[in-house]
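Given next are the chains, with one letter for each unit.
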Amino acid sequence: MEQQKNNLVDYLITARRTKGMWVTALVVIFVIGVGVAFGLPPVYRSSATILIEQQEIPQELVRSTVTTYADQRIQVISQRVMTRANLVKIIKKYDLYIEEQEKDPLEVVLEEMRKDIEMKMVSAEVVDPRSGRPTMATIAFTLTYFSESPTLAQKVANELASLYLNENIMSRREQATEATGFLTDEADKLRDKIADLERLLAVFKEKNVNQLPELTQLNMQLLDRSDTQLLEVERQLRSIDERKIYLNSQLAQLSPNNTQYTETGERILSSMDRLKSLQAKYVSISAIYSQDHPDLIKLNKQIAALEQEVGEADDSRQLRVKKTHLETELALAVKTYGEEHPNVKKLNNSLAKINEVQKNVPDTIDESVSKQSKPDNPAYIRMLGDLEAADAEYRSLLQKQEELLAMKQDYEARLTNAPQVEREYRSLSRDYESAVMKYREINAKQMQAQLAEVLELERKGERFTLIEPPQLPEEPVRPNRLAVVFLGGVFSLVGGAGSIVVSHSMDQTIRGATGIQSLLGSAPLSVIPNMRNDEERGRTRRRLWWVLLSLCVLVCAAIAIFHWLVMPIDVLWYAGLRRLGI
């Protein structure tokens, strides 16, 4: 069977045939739309506008510790305001969402309340004081609360605005206080650190008082001076040593005693002279007498006594002189070559032998000899005094040399340890200077933070100002009943048209000559028209009247809805006349 082609005439015929069904669908959908429009509860909106005012005191004079942008701070404040505790407190205070609390858990109710709260930023193009460039900045924001009750909408919006204002003040003060406390703690820590470093520096300076870097030049000068003095002492020692040798040689050529004479003018010989005289006499007599002669025996005894006297005294004196000479040479050699030098060992051996020889000389003999050989020759005594003075000066110079050597070693040790001491001293000084610099910086920031805290306490900084408090809404903002009614009308038309299309597509009846020709492939022989009687024509007129009456009712209903929800009819009438210029 060939598919029957549909055209607009077929749909119109179907519409006329099924006018009862699509009119019913149209009316039902429209009535449902109207019911929805008037069945939804009204929702009121109350808004508060909060202005973000800049700091009164110029930032060049007092810099605030709150450096975040206004929109960031508003988002943080929103998170703090929208906490569970604050929202529950508002719900209990104004008895909100009573039905929702009965059937839904509290979390769902809180989420619904968060949806009813709306915040919008108000931005404007301003010049950023930090970069000097124009930028978009938030200068204000609005807080809105939606509620089915206009009174509750106003009260809750006012409560939210108060929470935002108080939270802003509290958060700014907390930030300023935290900044001041943080800087105070840091300053205390740095002060303790500086005290510790000062104590370490004092201990270090006390321990290395002569090795500090600033004394390096002085130590070098002292070392040079010590070298010069040491050289001078060594030169003086050599000079005194030469003088002592000269004095000893001169002293050896002098007789300790003067030549003495008796009352008769005869010369009193000394022991040495008498010894020489007796020895000469013994030589001459021995040529005359035998050895057993009493005179020779007597001379021998006298010569032996004198030899013992002269020889012992001379040996003792020579030993002391030689010992003094060896001690002087030994001290000089030790200072020059050290203890292990062969010359030093040789001098030590010689000195030990002299000491051993001196031990064999009886003290009584030495004392008697000293008494007997006490010098009285002025030249000898002067020479001996000069020698003793030279010895004293020599010992004094040796002591001074030892002191200078000790000082030189001390200065050399200072200069040797100076690099290590300087490194440790520089490290401590660098830490100390760094800590002091950081402390000054933190102290300056602490003072600024304290000023900023005072600024926030006296509310001279950036603040929120409620420039437009929440008002009692007079009209609901939703639902838009006219739009809902309009959509209901559109849906009713669509529903009616859809019912016509569905009826036409589901109708399998063959209607008209075209249908028969499409079905059989040939035109019908004749067409018999529908002949209606009086009863059918009367029923048609009644249906027409019902349709006209329904249209009148719909028009009246639309006018009433427009009058109640959009604009009074008289106002619309005069507005139309004014637009037309009548």
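Keep in mind that what you see is a predicted model, and the values were worked out from it rather than measured. (Residues numbered from 1 in each chain as written. Predicted model: local features only at pLDDT ≥ 70, side-chain atom pairs only at ≥ 80, totals over all residues. Heavy atoms only, no water.)

### Some points on the confidence of the model for the chain
Move 1: With 91% of its residues at a pLDDT of at least 70, the chain reaches an overall mean of 82.
Move 2: In the predicted structure, residues 363–372 sits below a pLDDT of 50 and forms seven contacts with residues beyond four places in sequence or in another chain. (pLDDT = per-residue confidence, 0-100. Contact = heavy atoms within 4.5 Å.)

### Description of the environment of Gln-54
Move 1: Structurally, Gln-54 can be placed in the loop between β1 (44–53) and α3 (70–81).
Move 2: Among the residues examined, Gln-54 registers a relative accessible area of 54% and is labelled exposed.
Move 3: Residue contacts for Gln-54: discarding those within four places in its chain leaves Gly-461, Glu-462 and Arg-463. (Helix = DSSP H or I, 4+ residues; strand = E, 2+ residues; numbered from the N terminus. Buried < 20%, exposed > 50% of the residue type's maximum accessible area, 1.4 Å probe, protein only.)

### Topic: a nonpolar patch on the surface
Move 1: Together, Phe-38, Leu-482, Trp-564, Leu-565 and Val-566 make up a nonpolar patch on the protein surface, roughly 460 Å² of accessible area in all.
Move 2: In terms of residue count, the dominant contributor to the nonpolar patch is helix α16 (residues 534–566) (three residues).
Move 3: Note on placement: Leu-482 falls in helix α14 (residues 481–506). (Patch = residues over 30% accessible without salt bridge, like charges linked within 9 Å, V, L, I, M, F, W, Y side chains within 5 Å. Areas by Shrake-Rupley, 256 points an atom, 1.4 Å probe, with all protein chains shown as cover. Salt bridge = Lys/Arg side-chain N within 4 Å of Asp/Glu carboxyl O.)

### Regarding empty space enclosed by the protein
Move 1: Counted according to the given criterion, the structure contains one cavity of 30 Å³ or more.
Move 2: In this structure, the largest cavity occupies an estimated 50 Å³ of space.
Move 3: Around the largest cavity sit Asn-168, Ile-169, Arg-172, Arg-173, Glu-456, Arg-459, Glu-462 and Arg-463, which together line it.
Move 4: If you tally residues by element for the lining of the largest cavity, the top one is helix α7 (residues 150–207), at four residues. (1 Å grid on protein atoms, 1.4 Å probe; cavity = no way out; pocket = protein on both sides within 12 Å on 5 of 7 lines; lining within 4 Å. Points joined across faces, edges and corners; volume = space filled by probe spheres on them.)

### So, the nonpolar core
Move 1: Of all hydrophobic cores here, the largest spans 30 residues; its most connected members are Leu-96, Met-113 and Tyr-145.
Move 2: Elements supplying a minimum of two residues to this core: β1, α3, α4 (84–94), α6 (106–116), β3 (134–147) and α7.
Move 3: Residue contributions to this core peak at seven residues, all from α7.
Move 4: Those residues in contact with Leu-96, other than ones at most four positions away along the chain, are Ile-90, Ile-91, Gln-101, Met-113, Tyr-145, Leu-152 and Val-156. (Core = buried A, V, L, I, M, F, W, Y, C linked by side-chain atoms within 4.5 Å.)

### Considering the packing of aromatic side chains
Move 1: For the coordinates displayed, the defined rule picks out three aromatic pairs.
Move 2: For the pair Phe-204 and Tyr-425, a centre-to-centre distance of 6.1 Å together with 20° between the ring planes defines the contact as stacked. Of this pair, Phe-204 sits in helix α7 while Tyr-425 is found in helix α13 (residues 378–457), placing the two residues 221 residues apart along the sequence.
Move 3: For Phe-204, a relative accessible area of 9% translates into the label buried.
Move 4: For Tyr-425, a relative accessible area of 9% translates into the label buried.
Move 5: By way of ring pairs, the aromatic residues Phe-141, Tyr-164 and Phe-464 are connected into one cluster.
Move 6: Over the face of the ring belonging to Phe-146 we find Arg-478, whose NZ or CZ atom lies 4.9 Å from the ring centre. (Phe/Tyr/Trp six-rings, centres within 6.5 Å; stacked < 30°, edge-to-face > 60°. Lys NZ or Arg CZ within 6 Å of the ring centre and 35° of its normal.)

### What about the state of the cysteines?
Move 1: Scanning the entire structure with this criterion turns up zero disulfides.
Move 2: The structure places no disulfide on Cys-552, whose sulfur is separated from the nearest cysteine sulfur, that of Cys-556, by 6.5 Å. (Disulfide = S-S within 2.5 Å.)

### Thoughts on the packing of helix α8 (residues 216–252) against α13
Move 1: Two numbers describe how α8 lies on α13: the axes approach to 8 Å, and their chain directions differ by 160°. One way to sum up the angle between α8 and α13 is to call them roughly antiparallel. Here α8 runs over α13; the crossing is left-handed. (Axes fitted to C-alpha atoms, helices over the stretch in contact; angles between N-to-C directions. Parallel < 35°, antiparallel > 145°, perpendicular 65-115°, else oblique. Left-handed = near helix turned anticlockwise from the far one by under 90°.)

### Concerning α14
Move 1: For α14, which comprises 26 residues, the first-to-last C-alpha distance of 36 Å matches the rise-based estimate of 38 Å (1.5 Å per residue) to within 8%.
Move 2: Listed in full, the buried residues belonging to α14 are Arg-481, Val-484, Val-485, Gly-488, Gly-489, Ser-492, Gly-495, Gly-496, Ser-499, Ile-500, Ser-503 and His-504.
Move 3: Looking at the packing, one finds that the buried side of α14 touches α1 (8–17), α2 (19–39) and α16. (Expected span 1.5 Å × (residues − 1).)

### What to know about the pattern of salt bridges
It is possible for side chains bearing opposite charge to pair when their charged atoms get close.
Move 1: Scanning the model with the defined rule gives 22 salt bridges in all.
Move 2: The closest approach of N and O atoms between Arg-73 and Glu-462, which form a salt bridge, is 1.7 Å. A residue pair is termed long-range when its members are at least 10 positions apart, and Arg-73 in helix α3 and Glu-462 in the loop between α13 and β6 (463–468) qualify at 389 residues.
Move 3: On the accessibility criterion, Glu-462 (16% relative accessible area) is buried.
Move 4: The closest approach of N and O atoms between Glu-159 and Lys-93, which form a salt bridge, is 3.2 Å. With Glu-159 in helix α7 and Lys-93 in helix α4, this residue pair connects regions lying 66 residues apart in the sequence.
Move 5: Judged by its relative accessible area of 18%, Glu-159 is buried.
Move 6: Residues joined in a network through salt bridges with shared partners are Arg-73, Arg-172, Glu-456 and Glu-462.

### Quick word on the pairing of β1
Move 1: Where β1 meets β3, eight bridges bridge the pair, whose relative direction is antiparallel. The residue of β3 that forms the bridge with Arg-45 is Phe-146.
Move 2: With five bridges connecting them, β1 and β6 associate as antiparallel partners. Looking at β6, one finds that Ile-52 is bridged to Phe-464. (Pairing = 2+ DSSP bridges.)

### A look at the side chain of Gln-446
Move 1: Among the structural elements, Gln-446 can be located in helix α13.
Move 2: Under the relative-accessibility criterion, Gln-446 is labelled buried at 11%.
Move 3: Ignoring any residue separated from it by four or fewer positions in sequence, one finds Gln-446 in contact with Leu-183, Thr-184 and Ala-187.

### A look at a positive patch on the surface
Move 1: Taken together, the side chains of Arg-16, Lys-19, Arg-532, Arg-539, Arg-541, Arg-542 and Arg-543 make up a positively charged region of the molecular surface.
Move 2: In terms of residue count, the dominant contributor to the positive patch is α16 (four residues).
Move 3: Here Arg-539 is to be found in helix α16. (Lys, Arg positive; Asp, Glu negative; His and termini not counted. Charge placed at Lys NZ, Arg CZ, Asp CG, Glu CD.)

### With respect to the side chain of Gln-401
Move 1: Along the chain, the position of Gln-401 falls in helix α13.
Move 2: Among all residues touching Gln-401, those that are not within four sequence positions of it are Leu-230, Val-233, Glu-234, Leu-237 and Lys-335.

### Re the environment of Thr-228
Move 1: Looking at the element boundaries, Thr-228 is found in helix α8.
Move 2: According to the relative accessible area criterion, Thr-228 is exposed, its value standing at 53%.

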